[in-house]
Amino acid sequence: MSTKDKVLALLEHNKEKIYSGQLIATQLGVSRTSVWKAIQSLRAEGYLIESGTNNGYRLSSQSDVLNQEQIQSKLDHDVTVIAYASIDSTNSEAKRLLETQLSGNFLVVSDEQTAGRGRHGRFFHSPEKTGLYMSLALQHISSEVDAALLTTAAAVAVCQSIEEMTSLSPKIKWVNDIFLNGRKICGILTEGIMNFETQSVESIILGIGINISVDREQLPDDLKNKVGGLSNHSSGTINRNDLTVSIINNFLAIYQNINSRTFLEDYRKRCFVLGKTITFKQKQEQVRAVAEEIDNDGGLVVRLEDGSHKILSYGEISIQMREGEGFYETKYS
């Protein structure tokens, strides 16, 4: 670990505590000049480190820079972490890294995406310092793992982590969107990498994009009334490093025993579409139905207007929510 990383770890250990340059130098066994250089480097990377004459250094509680060493040191599982200030797309970068034969599971995180991707090739708005954008690459997927369950498992893990770190109660819109107070705060994009010789899924890339704060004036017009941010609903400070760690730890805890499907009960409790009238597209036509349940494969069981039932395994649904149900009266798709 470099001197810079050691200084950061010390300041992170107790944010808002003042550490004199001499105390830091003594504890780390380095010179005060090395400490000063490390502080300047950290500031250049965006860390908010306060100082005053004879007062020492203090890491502000408002400081929030993605740091791969901090994330990796707190993970419960063996996952290599790669952090970027900016990237075109964390999913795209994960694909490129898979092609380099990077071994084991790894996580790509970025402060910004310049070409973030959602489902069906849609653009995912990912401005710097307002969100958390990450992609977990899982390699050597067992043939016994139902890959279709990974998206639902990720949705549960995101909700669990938000609940653990805030007083908020996020809800899930089948199949892969997380909502707060009627606004989307998180999208999940799962992509499989096939082994063409065995015709099986060899690797999975699990992309998660979370809006931490939202400035509506900076949003594209088509998103102004649709998206929200965690900090817009929470009174506390949300540390993105800690949120990343929590999500990955919660997801991998589910993943280790995913075929038991026990996590689906948590999914059902949070899925706000159940019991609601929805529409979905079938052969280019809009079909109305009532969402009744989530089956053991994560599919949405719906009752059609003629009384028959259908299982939706993938795709998108739209739902009209009424006032008083905890969501804005709008259409989600």
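Keep in mind it's a predicted model, so treat the numbers as computed, not measured. (Residues numbered from 1 in each chain as written. Predicted model: local features only at pLDDT ≥ 70, side-chain atom pairs only at ≥ 80, totals over all residues. Heavy atoms only, no water.)

1. As for the overall build of the chain
When helices and strands are tallied, the chain shows 8 helices and 15 strands. Classification of the 333 residues of the chain by burial places 48% in the buried group. About 16500 Å² of surface is accessible on the chain, with carbon and sulfur atoms providing 45% of the total. (Helix = DSSP H or I, 4+ residues; strand = E, 2+ residues; numbered from the N terminus. Buried < 20%, exposed > 50% of the residue type's maximum accessible area, 1.4 Å probe, protein only. Areas by Shrake-Rupley, 256 points an atom, 1.4 Å probe, with all protein chains shown as cover.)

2. As for the nonpolar core
Counting 67 residues, the largest nonpolar core has Trp 174, Ile 210, Leu 230, Phe 251, Ile 278 and Leu 300 as its most contacted members. For this core, the element with the highest residue contribution is helix H6 (residues 149-165), accounting for 10 residues. Those residues in contact with Ile 210 that lie beyond four places of it in its chain are Gly 131, Leu 132, Tyr 133, Val 158, Ile 185, Cys 186, Leu 230, Leu 243 and Ile 247. Membership of the second largest hydrophobic core comes to 16 residues, among which are Ala 38, Tyr 47, Tyr 57 and Leu 59. (Core = buried A, V, L, I, M, F, W, Y, C linked by side-chain atoms within 4.5 Å. Contact = heavy atoms within 4.5 Å.)

3. Quick look at the side chain of Asn 239
For Asn 239, the position within the fold is in the loop between strand S9 (200-211) and helix H7 (240-255). A polar atom in the side chain of Asn 239 sits 2.9 Å from the backbone nitrogen of Asn 241. At 2.9 Å, the side chain of Asn 239 forms a polar contact with the backbone nitrogen of Asp 242. Residue contacts for Asn 239: discarding those within four places in its chain leaves Lys 15, Ser 63, Asp 64 and Met 165. (Polar contact = N/O pair within 3.5 Å; in protein donor to acceptor, adjacent residues only side chain to side chain.)

4. Observations concerning helix H2 (residues 21-28)
Inspection of H2 places Gly 21, Ile 24 and Ala 25 among the buried residues, and these make up the whole buried set. Buried residues of H2, seen end-on, are gathered within an arc of 100° and therefore sit on one face of the element. Residues of H2 that are buried in the fold lie against helix H1 (3-13), helix H3 (32-44) and strand S2 (56-59). Positive backbone phi, approximately 70°, marks Gly 29, located one or two places after H2. (Arc of directions from axis to C-beta.)

5. Digging into the state of the cysteines
Inspection of the entire model under this criterion finds 0 disulfides. Note on Cys 159: no disulfide assigned, nearest cysteine sulfur contributed by Cys 186 at a separation of 8.0 Å. Cys 159 sits in the buried class, given a relative accessible area of 0%. Under the relative-accessibility criterion, Cys 186 is labelled buried at 1%. (Disulfide = S-S within 2.5 Å.)

6. Quick word on the packing of aromatic side chains
Under the definition given, this model contains 2 aromatic pairs. Relative to Phe 272, the ring of Phe 179 has its centre 5.5 Å away and its plane inclined at 75°; by these criteria the two rings are edge-to-face. Of this pair, Phe 179 sits in strand S7 (residues 177-180) while Phe 272 sits in the loop between helix H8 (264-270) and strand S10 (277-282); the two residues are 93 residues apart in sequence, bridging distant segments of the chain. There is no split in this pair, since Phe 179 and Phe 272 are both buried. Measuring from centroid to centroid gives 5.9 Å for Phe 251 and Tyr 255, while their planes differ by 15°, and the two rings are stacked. Within this pair, Phe 251 and its partner Tyr 255 are both found in helix H7, separated by 4 residues, close to a single helical turn. Neither residue differs from the other here; Phe 251 and Tyr 255 are each classed as buried. (Phe/Tyr/Trp six-rings, centres within 6.5 Å; stacked < 30°, edge-to-face > 60°.)

7. What about the side chain of Asp 295?
Secondary-structure assignment places Asp 295 in the loop between strand S11 (285-294) and strand S12 (300-304). Although Asp 295 lies buried, it forms no salt bridge, and the closest oppositely charged side chain, Arg 268, sits 6.3 Å away as judged by the N-O distance. A polar contact is formed between the side chain of Asp 295 and the backbone nitrogen of Asp 297, at a distance of 2.9 Å. Of note is the side chain of Asp 295, whose polar atom sits 2.7 Å from the backbone nitrogen of Gly 299. Setting aside chain neighbours within four positions, we find Asp 295 in contact with Leu 264, Arg 268, Val 301 and Ile 311. (Lys, Arg positive; Asp, Glu negative; His and termini not counted. Salt bridge = Lys/Arg side-chain N within 4 Å of Asp/Glu carboxyl O.)

8. Describing the UniProt feature "binding site: biotin" (unreviewed entry) in the chain
Look at the UniProt record and you will see "binding site: biotin" (unreviewed entry) annotated at Ser 89, Thr 90, Asn 91, Gln 113, Arg 117, Gly 118, Arg 119 and Lys 184. Take Ser 89: it is sitting in the loop between strand S3 (80-84) and helix H5 (90-99). Among the residues examined, Ser 89 registers a relative accessible area of 2% and is labelled buried. Excluding anything up to four places from it in sequence, Ser 89 contacts Gln 113, Ala 115, Gly 116 and Arg 117. (UniProt positions renumbered as here; feature names shortened; annotations may be inferred.)

9. Notes on the sheet that holds S3
Read across the sheet, 7 strands follow the order S3-S4-S5-S9-S8-S7-S6 without closing on themselves; strand pairing throughout is mixed. The open sheet terminates on both sides in strands that have one partner only, identified here as S3 and strand S6 (171-173). Averaged over all pairs of adjacent strands, the angle between strand axes in this sheet comes to 20°, irrespective of strand direction. Direction of pairing for strand S8 (residues 183-195) relative to S9: antiparallel, over a ladder of 10 bridges. Bridge assignment links Cys 186 to a residue of S9, and that residue is Ile 210. Relative to strand S5 (residues 131-139), H7 is tilted by about 30°, and along the sheet it contacts strand S4 (106-110), S5 and S9. (Pairing = 2+ DSSP bridges. Axes fitted to C-alpha atoms, helices over the stretch in contact; angles between N-to-C directions.)

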